[in-house]
Amino acid sequence: MSAPLTPPGDPSAGHDRAPEPAPASPPVPPAPPAPHDDAAREAARAEARAELRTAAVVLAAVTVCGVLLGLLWVWLAPRVPLISDGKAVYLRNTEGEQAIGADGWFGLLGVGFGALSAAAVVWVRRVGGIAVVVALAAGSLLASLIGWRLGVWLGPAQDVVAHARAVGKGVVFDAPLKLAAKGMLLAWPLAAMAVHLGLTALFAPKDPEPDELPLAPH
């Protein structure tokens, strides 16, 4: 009889055999989305669409109000009287402040329209929103530009020389309506942003405090 070449319990036994592959685990199917997540996403999309619609309405409404600004500016702005001697045109009253008054009236009207437009926007949508605020600012600037150009167009004739020749020598006529301080164009947007910020801080719904948050059910 011959003894086995490999003694029993030899740790080196079986090293020549290839290791058996581990059984493959079955693929884990992805978890289906929770119903409340879908509802939350749909609610967020609906809120975004509503905000964009409101922003478009705000932009259009505020811009159209620039027509009213131009009409009021033509009506309220003081006139600058001019007179011609047949050779040149002069200010009838060299110490008059009518030109400054025209700029002042435009600025005051812009501040008033800015406050009213911001109050109307907050009344329609107290929650605010970036799109609505941007629409309010852009519409206010466009309205100021429309009011300025409309007021100049509806005011006295821009061609001073032709106007002087038309009225004749020694006849007083009004100088063209103009906005010397172009910074007054920002009166409406700045007033609208300031009033909107203040009213939103006062009347917008407040976020609940951490202690007031409802407890999640166990």
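Residues numbered from 1 in each chain as written. Predicted model: local features only at pLDDT ≥ 70, side-chain atom pairs only at ≥ 80, totals over all residues. Heavy atoms only, no water.

Caption draft 1: Highlighting the overall build of the protein. When helices and strands are counted, the protein shows five helices and three strands. Tracing the protein from N to C terminus, the helices and strands come up as α-β-β-α-α-α-β-α. Taking all 218 residues of the protein together, 27% fall into the buried category. For the protein, contacts bridging at least 24 residues in sequence account for 80% of all contacts bridging at least 6. (Helix = DSSP H or I, 4+ residues; strand = E, 2+ residues; numbered from the N terminus. Buried < 20%, exposed > 50% of the residue type's maximum accessible area, 1.4 Å probe, protein only. Contact = heavy atoms within 4.5 Å.)

Caption draft 2: Structural detail: the environment of L68. Assignment of secondary structure puts L68 in helix α1 (residues 35–76). Residues L68 and L150, 82 residues apart in the sequence, show an inter-C-alpha distance of 9.5 Å.

Caption draft 3: Structural detail: the layout of surface pockets. The computed volume of the second largest pocket comes to approximately 200 Å³. Forming the boundary of the second largest pocket are 13 residues, of which A61, V62, S117, A120 and V121 lie nearest the centre. For the lining of the second largest pocket, the secondary-structure elements that each account for two or more residues are α1 and α2 (98–124). Considered class by class, the residues forming the lining of the second largest pocket number 11 nonpolar, two polar and no charged. (1 Å grid on protein atoms, 1.4 Å probe; cavity = no way out; pocket = protein on both sides within 12 Å on 5 of 7 lines; lining within 4 Å. Points joined across faces, edges and corners; volume = space filled by probe spheres on them. Nonpolar A, V, L, I, M, F, W, Y, C, P; charged D, E, K, R; others polar.)

Caption draft 4: Structural view of the side chain of T54. Mapped onto the elements of the fold, T54 is located in helix α1. When neighbours within four sequence positions are excluded, T54 is seen to be in contact with R125 and V132.

Caption draft 5: Local environment of the packing of aromatic side chains. Inspection of the entire model under this criterion finds two aromatic pairs. A ring pair is formed by F113 and W188, whose centres lie 5.0 Å apart and whose planes are at 25°; its orientation type is stacked. Remark: W188 occurs in helix α5 (residues 187–203) and F113 occurs in helix α2; sequence separation between them is 75 residues. Like W188, F113 is buried. The ring of W148 is capped by R149, whose NZ or CZ atom sits 4.8 Å from the centre of that ring. (Phe/Tyr/Trp six-rings, centres within 6.5 Å; stacked < 30°, edge-to-face > 60°. Lys NZ or Arg CZ within 6 Å of the ring centre and 35° of its normal.)

Caption draft 6: Structural context of the nonpolar core. Core analysis: the largest hydrophobic core is formed by 24 residues, its most contacted members being V58, W73, F106, L136, W148 and W188. Contributions of two or more residues to this core are made by α1, α2, α3 (130–154) and α5. The next biggest cluster of nonpolar side chains, apart from the first, holds five residues, and it includes V80, A164, F173 and A175. (Core = buried A, V, L, I, M, F, W, Y, C linked by side-chain atoms within 4.5 Å.)

Caption draft 7: Inspection of the packing of α3 against α5 at higher detail. Close contact between α3 and α5 brings their axes to 8 Å; oriented N to C, the two are set at 150°. For the element pair α3 / α5, the angle class is roughly antiparallel. Seen along the crossing, α3 lies across α5 with a hand that is right-handed. Within the contact between the two elements, α3 uses V133, L136, A137, S140, L141, A143 and S144 and α5 uses W188, P189, A192, M193 and H196. In terms of residue class, the contact of α3 with α5 is made up of nine nonpolar, three polar and no charged. (Axes fitted to C-alpha atoms, helices over the stretch in contact; angles between N-to-C directions. Parallel < 35°, antiparallel > 145°, perpendicular 65-115°, else oblique. Left-handed = near helix turned anticlockwise from the far one by under 90°.)

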